[in-house]
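Here are the chains, one letter per residue:
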Amino acid sequence: WVHTGTYQCLYRVSEPAETSERSDPVELVLTDHCFPPPGISMSPKERVGMGTNITIRCSNMYQGATFLHKDGHSVPIQQQDPDGGGTATFTLVGVTPADNGTYRCSYHPKGFPFLSSPLGDSVALEVTPTPPMAESHGNLLVAVLRVCAAALIFCLGVFFVLNARNLWIRRDGSPAGEKVK
Ligand SMILES: *[C@@H]1O[C@H](CO)[C@@H](O)[C@H](O)[C@H]1NC(C)=O
């Protein structure tokens, strides 16, 4: 515990006697297995369409900063404070196949900013490449259907005009059939 905390560097030169500014900080955080791993839930579950908003909830009783991790990433991808009930809510807005993967939570117990719980259970996200029937896509479908209907009506019209013309020509201009009579 005594080694946890924030570290920064600076340097001094003697001629002329000057001190540099401090570096960016690094944090030394210890994972403490005395703290139970957080719970996790995801909605909607399992396979979702592209563009869906995904909610991941992480719960713990220690009320500290809560972190969302994605397997394969060395640092947490999001951080949230929990609500009064000890649940932190993370949102992945408009997911794409790039969001596919395995997600886990951890937390820093309140009052121990440099101690971390172990990572908890995982949830798996699988985004299907087909977009959901969102409003804009619904509108697009309606537009496509309208064009198709218009084309169909136009074709039917042309068909009837040509048919009528053929009938007219046969009755009027082609005596071949008449001669048989
Ligand atoms: C997803 O969340 C964003 C931002 O909160 C919102 O603007 C959008 O309407 C949501 N989309 C859906 C499909 O719920």
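Here, every reference points to the structure presented above.
Colleague: Provide a residue-level description of the side chain of Ser 117, including the pertinent values.
Modeller: Structurally, the position occupied by Ser 117 is in the loop between strand 13 (115-116) and strand 14 (123-128). If we ignore the near neighbours within four places in the chain, the residues touching Ser 117 are Thr 31, Asp 32, Phe 35, Pro 36, Pro 38, Ser 106 and Tyr 107.

Colleague: Can you explain the state of the cysteines? Please cite residues and give values.
Modeller: Per the counting criterion, the structure on display carries one disulfide. Disulfide pairing is shown between Cys 58 and Cys 105; the S-S distance is 1.8 Å. With the S-S dihedral at roughly -45°, the linkage between Cys 58 and Cys 105 falls on the left-handed side. Residue Cys 58 is located in strand 8 (residues 54-59), and its partner Cys 105 is located in strand 12 (residues 101-107); the two are separated by 47 residues in the primary sequence. In this structure, Cys 58 and Cys 105 share a single accessibility class: buried.

Colleague: Requested: an account of the pairing of strand 12, with residues and values cited.
Modeller: Across five bridges, the pairing between strand 9 (residues 66-70) and strand 12 is antiparallel. Directly across from Lys 70, in strand 12, lies its bridge partner Tyr 103. Strand direction decides the pairing type here: strand 12 and strand 14, joined by three bridges, are antiparallel. In the sheet register, Gly 101 faces strand 14, and the bridge partner there is Leu 125.

Colleague: I'd like to hear about the nonpolar core, residue by residue, with values.
Modeller: Counting residues in each nonpolar core, the largest one holds 15 residues, and the members touching the most others are Ile 54, Ile 56, Leu 92, Val 95, Tyr 103 and Leu 125. Secondary structure elements with two or more residues in this core: strand 8, strand 11 (87-92), strand 12 and strand 14. If we ignore the near neighbours within four places in the chain, the residues touching Tyr 103 are Ile 40, Ile 56, Leu 68, His 69, Lys 70, Ile 77, Leu 92, Asp 121, Ser 122, Val 123 and Leu 125.

Colleague: Describe the sheet that holds strand 7 (residues 47-49), with residues and values.
Modeller: Pairing is mixed across the open sheet formed by five strands, whose spatial order is 7-14-12-9-10. If you trace the sheet from one side to the other, it starts and ends with strand 7 and strand 10 (78-80), each paired once. The sheet shows a mean angle of 30° between the axes of neighbouring strands, taken without regard to direction. By the bridge criterion, three bridges tie strand 9 to strand 10 in an arrangement that is antiparallel. When the bridges of strand 10 are listed, Leu 68 appears paired with Gln 78.

Colleague: How would you summarise the environment of Gly 85 if you had to cite specific residues and measurements?
Modeller: Tracing the backbone shows Gly 85 in the loop between strand 10 and strand 11. For Gly 85 and Ser 59, which are 26 residues apart along the polypeptide, the C-alpha to C-alpha distance reads 8.3 Å.

Colleague: With reference to specific residues and values, describe the environment of Thr 89.
Modeller: Position of Thr 89 among the secondary structure elements: in strand 11. Relative accessible area serves as the criterion here: at 33%, Thr 89 is assigned to the partly exposed category. Residues within four places of Thr 89 in sequence aside, it is in contact with Thr 55, Ile 56, Arg 57 and Gln 80.

Colleague: Explain the pairing of strand 14 to me, and be specific about the residues and the numbers.
Modeller: If a strand is regular, its side chains alternate between the two faces of the sheet. As defined by bridge partners, strand 7 adjoins strand 14 across three bridges and the pair is classed as parallel. Bridge pairing links Arg 47 to Glu 126 in strand 14.

Colleague: Mind laying out the pattern of salt bridges, listing which residues take part and the relevant values?
Modeller: When charged atoms on two side chains of opposite charge get close, those side chains can pair. In this structure the tally under the stated criterion is two salt bridges. The partner of Asp 71 in a salt bridge is Arg 104, and the shortest N-O contact between them spans 3.0 Å. Here Arg 104 lies in strand 12 and Asp 71 lies in the loop between strand 9 and strand 10, a separation of 33 residues in the sequence. Using a relative accessible area of 38% as the deciding quantity, one classes Asp 71 as partly exposed. With a relative accessible area of 23%, Arg 104 lands in the partly exposed category.

Rules used in this analysis
Residues numbered from 1 in each chain as written. Predicted model: local features only at pLDDT ≥ 70, side-chain atom pairs only at ≥ 80, totals over all residues. Heavy atoms only, no water. Helix = DSSP H or I, 4+ residues; strand = E, 2+ residues; numbered from the N terminus. Contact = heavy atoms within 4.5 Å. Disulfide = S-S within 2.5 Å. Buried < 20%, exposed > 50% of the residue type's maximum accessible area, 1.4 Å probe, protein only. Pairing = 2+ DSSP bridges. Core = buried A, V, L, I, M, F, W, Y, C linked by side-chain atoms within 4.5 Å. Axes fitted to C-alpha atoms, helices over the stretch in contact; angles between N-to-C directions. Salt bridge = Lys/Arg side-chain N within 4 Å of Asp/Glu carboxyl O.

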